[in-house]
Amino acid sequence: QMQKMQAEMARIQEELGQKTVDVSVGGGAVSLTITGHLEVKSIKISQEVMDDQEMLEDLILSAVNEGIKQAQALANQEMGKVTGNMKIPGLPPGLF
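Keep in mind it's a predicted model, so treat the numbers as computed, not measured. Throughout this description, residue numbers start from 1 for each chain and increase along the sequence as written. Side-chain atom pairs in this predicted model are given and counted only at pLDDT of 80 or more, local residue features only at pLDDT of at least 70, and totals for whole chains, interfaces and linings cover all residues. Note that water and hydrogens are dropped before the side-chain values are worked out from all heavy atoms of the structure.

Turning our eyes to something else, we now look at unusual backbone geometry. Even without being glycine, L38 reaches a positive phi, approximately 65°. Runs of H or I in DSSP of at least four residues are treated as helices and runs of E of at least two as strands, each being numbered from the N terminus. For L38, the position within the fold is in the loop between strand 2 (30-35) and strand 3 (40-45). Between buried and exposed lies partly exposed: a residue is buried under 20% and exposed over 50% of the maximum accessible area for its type, with that area taken using a 1.4 Å probe on protein chains only. By relative accessible area, L38 is classed as partly exposed at 31%.

So this is what it looks like as structure tokens:
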């Protein structure tokens with residue numbers, strides 16, 4: 001039973017690397033795609049915000065942080081399907 005769960009968790013972990021979350025902030029001024037492994041795959045920046053460095057930096061930070069939050073939620077949701085949402089020692093929340 002436990003080995004089956006471990007194998008299923010390993011499969012889901014691998015699949016998370018292929019799943020992505022798309023995030024947009026600032027009314028679409030900055031958007032990004034991030035994987036379930038928290039790897040940022042793309043960032044798109046609207047020409048309208050290119051001249052305001054401080055605002056652009058804030059928007060990028062906001063997009064990355066929101067992307068991480070959503071990707072961790074995705075990982076928790078997918079792993080919860082296997083674990084029944086029980087907490088497993090050694091697996092910090094969102095760091096599967």
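Working rule for helices: expected span equals 1.5 Å times residues minus one. For helix 2 (residues 53-83), which comprises 31 residues, the first-to-last C-alpha distance of 44 Å matches the rise-based estimate of 45 Å (1.5 Å per residue) to within 8%. We call two residues in contact whenever any of their non-hydrogen atoms come within 4.5 Å of each other. On the buried face of helix 2, the contacting elements are helix 1 (2-16), strand 1 (20-25), strand 2 and strand 3. Downstream of helix 2 by a residue or two, G84 has a phi angle that is positive, lying close to 65°.

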